[in-house]
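Understanding the architecture of this molecule
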Amino acid sequence: MPLPTAPLSKSVPPSSRAWLASHFRDPYVKARLSHPAQFRSRSAFKLIEMHEQYGSFLTRDVQTVVDLGAAPGGWSQVVAGKMGWTTEAEMESLAEDKTRDAYEMLYGTKNEQPQRGRGTIVAADLLHIPPIPGVRTLQIDFLSPEAGNLIRAMLMSPSNPEGKADLILSDMAANFTGNQARDTEASLDICLAVYQFVKTNLRTVQETGKKYSGTLLLKHFAHPLLTQFRKESLEPNFHYVIFCKPDASRKGSAEGYWLCKGWKGVQR
Ligand SMILES: C[S@@+](CC[C@H](N)C(=O)[O-])C[C@H]1O[C@@H](n2cnc3c(N)ncnc32)[C@H](O)[C@@H]1O
């Protein structure tokens, strides 16, 4: 897809012009538009980067994944690719791709291409998520009381009768208002709701026998109240929690992610 080079229309206000200009200069926007996997969002590169740099979590033993705040679907595309849920046409276009590094970053070596994916991926968002091979989508407000049970039901299978997940991803963010108190409260509400879901749905290390299984990747906005949540709820109950700020995350943004590995179940 060609990048816009013509001058922007005079009807576009100066503030939007500045944003659009910096948006199209952004290397991750350029990468998204030219990448053969045709990611739907620039966020896809954040997930790839965190997986690569902060400790692999999209590993072969991951069978069930929940992607919260998934629209338009970039993260789910990455997960589906990692779990082998990619159409043959996509495989062919990727196999012909000259940027082999990008290919390998997503799918491993070419000899490893499965024709059908493994496991279950459930993606949920307030917004509609256009279909992605191998991904079960749900349009719902995750903060609504029924969301947890619906997602669990979608994870259930004969081999997973309790609907447990090996990996829970949350890129959820409420609309930014610019009011710090309100934005902090919204981020905290989302983190607390995700944590409630983790308590009943993330597979524990006791269940798998693996010290670092049961992974949560959770977006949040920097604030002392969120730090307190990390200390009180995440740190005692996971083997480790690290802060991630991928390069693909805009520098001026207060967003960051916690990568939490080794869910022990609630210790306190
Ligand atoms: C940064 S976008 C996610 C981008 C996505 N990870 C991707 O790669 O395409 C944040 C998403 O969170 C969703 N969201 C915010 N609050 C939500 C809620 N209460 N329930 C469900 N989704 C929510 C928004 O609708 C938005 O699509």
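Predicted, not measured: the structure shown is a model, and the values here were computed from it.

For the rest of this paragraph, the subject is the UniProt feature "active site" (unreviewed entry) in the chain. Taken from the UniProt record, the annotation "active site" (unreviewed entry) applies to Lys-219. Residue classification places Lys-219 among the buried residues on the basis of a relative accessible area of 8%. Not counting chain neighbours up to four residues away, the residues in contact with Lys-219 comprise Ser-170, Asp-171, Met-172, Ala-173, Cys-191, Glu-255, Gly-256 and Tyr-257.

Another point: the confidence of the model for the chain. For the chain, per-residue confidence averages 83 on the pLDDT scale, and residues scoring 70 or more make up 74% of the total. Long-range and interchain partners of residues 1–9, a stretch whose pLDDT sits below 50, account for 8 contacts in this model, where long-range means more than four residues apart. Taken as a whole, residues 97–114 scores under 50 in pLDDT and shows 27 contacts with residues more than four places along the chain or in a different chain.

A word on the pairing of strand β7 (residues 255–263). Of all 9 residues in β7, 9 are buried, a share of seventy percent or more. As paired elements, strand β5 (residues 215–221) and β7 share 7 bridges and run antiparallel to each other. Opposite Leu-216, over in β7, you have Cys-260 as the bridge partner. Pairing between strand β6 (residues 238–244) and β7: 6 bridges, direction antiparallel. Bridged to Ile-242 within β7 is Leu-259.

Turning next to empty space enclosed by the protein. Here the structure, examined in full by the defined rule, presents 1 cavity of 30 Å³ or more. Computed from the structure, the largest cavity encloses a volume of approximately 60 Å³. Ala-173, Ala-174, Asn-175, Phe-176, Asp-183, Ala-186, Ser-187 and Phe-221 together form the lining of the largest cavity. For the lining of the largest cavity, the element with the most residues is helix α8 (residues 180–201), which contributes 3 residues. Across the lining of the largest cavity, the residue classes tally to 5 nonpolar, 2 polar and 1 charged.

What follows deals with the layout of surface pockets. One simple way to see leftover space: roll a probe sized like a water molecule over the atoms. When its volume is computed, the largest pocket comes out at roughly 1100 Å³. Forming the walls of the largest pocket are 38 residues, and the residues nearest its centre are Asp-171, Met-172, Ala-173, Ala-174 and Lys-219. For the lining of the largest pocket, the elements supplying multiple residues, two or more each, are α3 (43–53), β1 (64–68), α4 (74–82), β2 (120–125), α8 and β5. Per-class residue counts for the lining of the largest pocket are 20 nonpolar, 9 polar and 9 charged.

Next up on the list: the packing of aromatic side chains. Two measures describe an aromatic ring pair: the distance that separates the ring centres and the angle between the ring planes. Scanning the entire structure with this criterion turns up 8 aromatic pairs. Seen from their ring centres, Tyr-195 and Phe-229 are 6.0 Å apart, and the 85 degrees between their planes marks the pair as edge-to-face. One end of the pair, Tyr-195, is in helix α8; the other, Phe-229, is in helix α10 (residues 224–234), and 34 residues separate them in sequence. The residues Tyr-195 and Phe-229 share a single accessibility class, namely buried. The interplanar angle of 90 degrees and the centroid separation of 6.1 Å between the aromatic rings of Tyr-195 and Trp-263 together place this pair among those described as edge-to-face.

Attention now goes to the site of the ligand. In the vicinity of the ligand, 20 residues are found, and the nearest of them are Ser-41, Asp-125, Asp-141, Phe-142 and Asp-171. Take Ala-71: an N or O atom from its main chain is 3.3 Å from an oxygen atom of the ligand. Within the backbone of Leu-126, a nitrogen or oxygen atom sits 3.2 Å from a nitrogen atom of the ligand. Here the ligand loses 87% of its free accessible area of 600 Å² to cover by the protein chains. The pocket occupied by the ligand, as judged from atoms lying within 2 Å of grid points, is the largest pocket. Residues of the shell around the ligand, tallied by class, amount to 11 nonpolar, 5 polar and 4 charged.

Structurally, the position occupied by Lys-219 is in strand β5. Separated by 3.0 Å, the side chains of Lys-219 and Asp-171 make a polar contact.

The rules behind each value
Residues numbered from 1 in each chain as written. Predicted model: local features only at pLDDT ≥ 70, side-chain atom pairs only at ≥ 80, totals over all residues. Heavy atoms only, no water. UniProt positions renumbered as here; feature names shortened; annotations may be inferred. Buried < 20%, exposed > 50% of the residue type's maximum accessible area, 1.4 Å probe, protein only. Contact = heavy atoms within 4.5 Å. pLDDT = per-residue confidence, 0-100. Helix = DSSP H or I, 4+ residues; strand = E, 2+ residues; numbered from the N terminus. Pairing = 2+ DSSP bridges. 1 Å grid on protein atoms, 1.4 Å probe; cavity = no way out; pocket = protein on both sides within 12 Å on 5 of 7 lines; lining within 4 Å. Points joined across faces, edges and corners; volume = space filled by probe spheres on them. Nonpolar A, V, L, I, M, F, W, Y, C, P; charged D, E, K, R; others polar. Phe/Tyr/Trp six-rings, centres within 6.5 Å; stacked < 30°, edge-to-face > 60°. Near = heavy atom within 4 Å. Polar contact = N/O pair within 3.5 Å; in protein donor to acceptor, adjacent residues only side chain to side chain. Areas by Shrake-Rupley, 256 points an atom, 1.4 Å probe, with all protein chains shown as cover. Sits in = over half its atoms within 2 Å of the grid points.

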